[in-house]
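Here's the letter readout for the chains.
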Amino acid sequence: APRRAAKPAPKPKPPSSGPPIIIVPSAATARLNMYNAAAFLERGVFTPPDACMAAAAPKPPTALISRTLALPDGAPPKRYLVTDDASKFGKDEWRRVAAVVVGGAAWQFKGWPFKGAPDGDTVSLFSAARGLYLHYGDDAPPAAVKAWNVARFALHRGERHRDRSVAAALWKAVDEFLAARGRGGRGGGGRGRRLQRRVGDTSAPHRHPPPRPAPSP
(Lines give C-alpha, C1' and ligand atoms only; values in the text may rest on other atoms or scores of the structure.)
Protein backbone atom coordinates (compact mmCIF):
# COMPACT_ATOMS: atom_id res chain seq x y z
CA ALA A 1 0.00 0.00 0.00
CA PRO A 2 1.31 3.47 -0.81
CA ARG A 3 2.60 5.42 2.17
CA ARG A 4 0.67 8.41 3.28
CA ALA A 5 2.49 11.68 3.04
CA ALA A 6 3.57 12.95 6.40
CA LYS A 7 1.69 15.97 7.67
CA PRO A 8 3.76 19.12 7.52
CA ALA A 9 4.97 20.40 10.86
CA PRO A 10 2.92 23.33 12.20
CA LYS A 11 4.46 26.67 11.46
CA PRO A 12 5.89 28.41 14.52
CA LYS A 13 4.07 31.52 15.62
CA PRO A 14 5.89 34.68 14.57
CA PRO A 15 7.38 36.74 17.40
CA SER A 16 5.73 39.98 18.44
CA SER A 17 6.47 42.66 15.89
CA GLY A 18 6.67 46.39 16.29
CA PRO A 19 7.95 48.68 19.03
CA PRO A 20 7.06 48.34 22.72
CA ILE A 21 3.87 50.13 23.74
CA ILE A 22 3.24 52.70 26.45
CA ILE A 23 -0.43 53.19 27.38
CA VAL A 24 -1.41 56.56 28.87
CA PRO A 25 -4.76 57.70 30.34
CA SER A 26 -7.43 59.16 28.09
CA ALA A 27 -8.71 61.47 30.83
CA ALA A 28 -8.09 65.17 30.24
CA THR A 29 -7.37 65.60 33.97
CA ALA A 30 -4.42 63.17 33.95
CA ARG A 31 -1.00 64.79 34.25
CA LEU A 32 0.19 62.75 31.28
CA ASN A 33 -2.05 61.97 28.32
CA MET A 34 -1.84 62.09 24.55
CA TYR A 35 -1.64 65.88 24.53
CA ASN A 36 1.75 65.97 26.23
CA ALA A 37 3.08 62.41 26.49
CA ALA A 38 5.30 62.41 23.40
CA ALA A 39 7.27 65.53 24.38
CA PHE A 40 7.71 64.36 27.97
CA LEU A 41 8.72 60.77 27.20
CA GLU A 42 10.92 61.67 24.26
CA ARG A 43 12.62 64.86 25.45
CA GLY A 44 11.69 65.34 29.11
CA VAL A 45 9.62 68.43 28.28
CA PHE A 46 6.42 68.71 30.33
CA THR A 47 3.53 70.94 29.29
CA PRO A 48 0.32 70.63 31.36
CA PRO A 49 -2.47 69.07 29.27
CA ASP A 50 -4.82 71.97 29.97
CA ALA A 51 -2.25 74.36 28.49
CA CYS A 52 -2.10 72.19 25.36
CA MET A 53 -5.89 72.23 25.07
CA ALA A 54 -6.05 75.97 25.65
CA ALA A 55 -3.65 76.40 22.76
CA ALA A 56 -6.00 74.29 20.61
CA ALA A 57 -3.28 71.67 20.13
CA PRO A 58 -4.64 68.57 18.38
CA LYS A 59 -4.80 65.33 20.32
CA PRO A 60 -2.99 62.58 18.36
CA PRO A 61 -4.51 59.08 18.55
CA THR A 62 -1.01 57.56 18.75
CA ALA A 63 2.57 58.79 18.82
CA LEU A 64 5.71 56.97 17.69
CA ILE A 65 8.55 58.34 19.78
CA SER A 66 12.30 57.92 19.56
CA ARG A 67 13.65 57.70 23.10
CA THR A 68 17.18 58.79 24.00
CA LEU A 69 16.66 59.62 27.70
CA ALA A 70 18.35 57.41 30.31
CA LEU A 71 20.16 55.26 27.75
CA PRO A 72 23.86 54.35 27.97
CA ASP A 73 26.28 56.62 26.14
CA GLY A 74 26.44 55.68 22.47
CA ALA A 75 23.29 53.54 22.60
CA PRO A 76 20.96 53.96 19.62
CA PRO A 77 17.54 55.55 20.21
CA LYS A 78 14.67 53.21 21.09
CA ARG A 79 11.26 53.48 19.48
CA TYR A 80 8.04 53.23 21.46
CA LEU A 81 4.40 53.52 20.48
CA VAL A 82 2.33 55.69 22.81
CA THR A 83 -1.48 55.45 22.83
CA ASP A 84 -4.48 55.91 25.11
CA ASP A 85 -6.74 53.44 23.29
CA ALA A 86 -6.26 49.70 23.79
CA SER A 87 -9.78 48.74 22.72
CA LYS A 88 -8.61 47.09 19.51
CA PHE A 89 -5.50 45.40 20.86
CA GLY A 90 -4.92 41.78 20.00
CA LYS A 91 -2.53 39.35 21.69
CA ASP A 92 0.45 40.74 19.80
CA GLU A 93 -0.18 44.29 20.98
CA TRP A 94 -0.71 43.20 24.59
CA ARG A 95 2.56 41.26 24.49
CA ARG A 96 4.29 44.50 23.46
CA VAL A 97 2.90 46.62 26.31
CA ALA A 98 5.89 47.73 28.38
CA ALA A 99 4.24 50.22 30.74
CA VAL A 100 0.89 51.70 31.72
CA VAL A 101 0.60 55.27 32.97
CA VAL A 102 -2.40 55.32 35.30
CA GLY A 103 -4.81 58.17 35.90
CA GLY A 104 -6.10 56.89 39.22
CA ALA A 105 -9.41 55.26 38.27
CA ALA A 106 -9.94 51.56 37.57
CA TRP A 107 -12.32 52.31 34.65
CA GLN A 108 -9.15 52.98 32.63
CA PHE A 109 -8.66 49.19 32.49
CA LYS A 110 -12.17 48.32 31.28
CA GLY A 111 -12.05 45.57 28.65
CA TRP A 112 -8.40 44.76 29.29
CA PRO A 113 -7.46 41.04 29.43
CA PHE A 114 -6.17 41.06 33.01
CA LYS A 115 -8.27 39.36 35.64
CA GLY A 116 -9.82 41.80 38.10
CA ALA A 117 -8.21 44.94 36.65
CA PRO A 118 -11.48 46.76 35.79
CA ASP A 119 -12.56 46.25 39.42
CA GLY A 120 -9.31 47.60 40.85
CA ASP A 121 -7.48 44.30 41.32
CA THR A 122 -4.35 45.15 39.35
CA VAL A 123 -2.01 42.36 40.50
CA SER A 124 -2.08 40.57 37.14
CA LEU A 125 -1.83 43.79 35.14
CA PHE A 126 1.16 45.23 36.95
CA SER A 127 2.95 41.91 36.96
CA ALA A 128 2.90 42.10 33.16
CA ALA A 129 3.54 45.81 32.57
CA ARG A 130 5.20 48.53 34.65
CA GLY A 131 2.66 50.75 36.35
CA LEU A 132 3.50 54.47 36.42
CA TYR A 133 1.81 57.49 37.99
CA LEU A 134 2.74 61.13 37.41
CA HIS A 135 1.56 63.86 39.79
CA TYR A 136 2.51 67.23 41.23
CA GLY A 137 4.51 66.87 44.42
CA ASP A 138 1.97 68.85 46.46
CA ASP A 139 -0.93 66.67 45.26
CA ALA A 140 -1.58 63.49 47.21
CA PRO A 141 -2.08 60.45 44.94
CA PRO A 142 -5.54 58.85 45.05
CA ALA A 143 -6.05 55.99 47.49
CA ALA A 144 -6.31 53.51 44.61
CA VAL A 145 -2.92 54.52 43.25
CA LYS A 146 -1.35 54.08 46.69
CA ALA A 147 -2.74 50.55 46.79
CA TRP A 148 -1.50 49.59 43.31
CA ASN A 149 1.99 48.40 42.46
CA VAL A 150 2.92 51.50 40.49
CA ALA A 151 5.97 53.75 40.57
CA ARG A 152 5.07 57.35 41.45
CA PHE A 153 6.90 60.37 40.05
CA ALA A 154 6.47 63.90 41.39
CA LEU A 155 6.59 66.93 39.14
CA HIS A 156 7.54 70.31 40.57
CA ARG A 157 5.18 73.20 39.93
CA GLY A 158 6.93 76.12 38.28
CA GLU A 159 10.23 74.22 37.99
CA ARG A 160 10.19 72.93 34.45
CA HIS A 161 13.99 72.58 34.40
CA ARG A 162 13.56 69.53 36.65
CA ASP A 163 11.18 67.70 34.32
CA ARG A 164 13.92 65.98 32.33
CA SER A 165 15.30 64.25 35.43
CA VAL A 166 11.78 63.05 36.31
CA ALA A 167 11.35 61.59 32.81
CA ALA A 168 14.75 59.89 33.08
CA ALA A 169 13.76 58.32 36.41
CA LEU A 170 10.53 57.08 34.85
CA TRP A 171 12.43 55.38 32.01
CA LYS A 172 14.86 53.83 34.49
CA ALA A 173 11.92 52.25 36.32
CA VAL A 174 10.57 50.84 33.05
CA ASP A 175 13.99 49.48 32.04
CA GLU A 176 14.57 47.79 35.39
CA PHE A 177 11.12 46.20 35.33
CA LEU A 178 11.57 44.81 31.83
CA ALA A 179 15.13 43.62 32.47
CA ALA A 180 13.99 41.71 35.56
CA ARG A 181 11.53 39.84 33.36
CA GLY A 182 13.85 39.20 30.44
CA ARG A 183 12.02 41.73 28.30
CA GLY A 184 14.79 44.17 27.50
CA GLY A 185 15.42 45.49 23.98
CA ARG A 186 13.05 46.37 21.17
CA GLY A 187 9.95 44.58 19.97
CA GLY A 188 8.54 41.29 21.21
CA GLY A 189 11.26 38.66 20.78
CA GLY A 190 11.49 36.25 23.69
CA ARG A 191 9.61 38.47 26.11
CA GLY A 192 6.14 37.31 25.18
CA ARG A 193 6.02 33.97 26.99
CA ARG A 194 5.34 35.36 30.46
CA LEU A 195 2.73 37.80 29.19
CA GLN A 196 1.13 35.29 26.82
CA ARG A 197 0.02 33.23 29.81
CA ARG A 198 -1.86 36.25 31.12
CA VAL A 199 -3.47 37.29 27.87
CA GLY A 200 -6.61 35.38 26.99
CA ASP A 201 -7.02 33.07 29.99
CA THR A 202 -5.71 34.89 33.01
CA SER A 203 -7.24 32.46 35.46
CA ALA A 204 -5.46 29.38 34.11
CA PRO A 205 -3.13 27.95 36.78
CA HIS A 206 0.51 27.34 36.00
CA ARG A 207 0.99 23.63 35.46
CA HIS A 208 3.86 21.86 37.16
CA PRO A 209 5.13 18.37 36.22
CA PRO A 210 3.82 15.54 38.45
CA PRO A 211 6.11 14.55 41.34
CA ARG A 212 8.44 11.60 40.78
CA PRO A 213 7.58 8.41 42.69
CA ALA A 214 9.75 7.71 45.73
CA PRO A 215 12.45 5.06 45.15
CA SER A 216 11.75 1.56 46.40
CA PRO A 217 13.48 0.71 49.72
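Up top you'll find the structure we're talking about.
Here's what I pulled together on the structure shown here. Because the structure is a prediction, the values reported are computed rather than measured. (Residues numbered from 1 in each chain as written. Predicted model: local features only at pLDDT ≥ 70, side-chain atom pairs only at ≥ 80, totals over all residues. Heavy atoms only, no water.)

Concerning the packing of aromatic side chains
Stated precisely, the cut-off is as follows: In this analysis, rings of Phe, Tyr and Trp, with Trp reduced to its six-membered ring, are considered paired at centre separations within 6.5 Å, and the interplanar angle assigns stacked below 30 degrees, edge-to-face beyond 60, and tilted for intermediate values. To sit over a ring, a charge needs its Lys NZ or Arg CZ within 6 Å of the ring centre and within 35 degrees of the ring normal.
In this structure the tally under the stated criterion is 10 aromatic pairs. Three or more aromatic residues link up through ring pairs in this structure, and these residues are Phe89, Trp94, Phe109, Trp112, Phe114, Phe126 and Trp148. Sitting over the ring of Phe177, Arg181 keeps its end group 3.8 Å from the ring centre.

Quick word on the sheet that holds strand 6 (residues 150-155)
Put simply, the rule is: Should DSSP find at least two bridges between two strands, the strands are taken to pair. Strands are runs of DSSP state E lasting at least two residues, helices are runs of H or I lasting at least four, and both sets are numbered from the N terminus onward. All axes here are fitted lines through C-alpha atoms, helices being fitted over the stretch that makes contact, and every angle between N-to-C directions spans 0 to 180 degrees. Residue contacts are defined here by distance: any two heavy atoms, one from each residue, within 4.5 Å place the two residues in contact.
Spatially, 2-3-1-4-5-6 is the arrangement adopted by the 6 strands of the open sheet, whose pairing is mixed. Each edge of the open sheet is held by one strand with a lone partner, namely strand 2 (62-67) and strand 6. Adjacent strand axes in the sheet meet at a mean angle of 25°, parallel and antiparallel pairs treated alike. Both strand 1 (residues 21-23) and strand 3 (residues 78-83) contribute to a ladder of 3 bridges, which runs parallel. What sits directly across from Ile21, in strand 3, is Leu81. Where helix 6 (residues 163-180) meets the sheet, it contacts strand 1, strand 2, strand 3, strand 4 (97-101), strand 5 (130-136) and strand 6, and its direction lies at approximately 170° from that of strand 6.

Side note on the pairing of strand 3
Looking down a regular strand, the side chains alternate between one sheet face and the other. Pairing of strand 2 with strand 3, which is carried by 6 bridges, proceeds in the antiparallel orientation. Each residue of the ladder has a partner; that of Thr62, found in strand 3, is Thr83.

Overview of the side chain of Arg96
Cut-off, in case you're wondering: For the purposes of these results, a polar contact is taken to be a pair of N or O atoms within 3.5 Å, where, inside protein, one atom must be able to donate a hydrogen and its partner to accept one; residues adjacent in sequence count only when each atom of the pair is a side-chain atom.
With respect to the helices and strands, the residue Arg96 is situated in helix 3 (residues 91-96). Of the polar contacts made by the side chain of Arg96, one reaches the backbone oxygen of Pro19; its length is 2.9 Å.

Shape descriptors only; they carry no functional weight alone.
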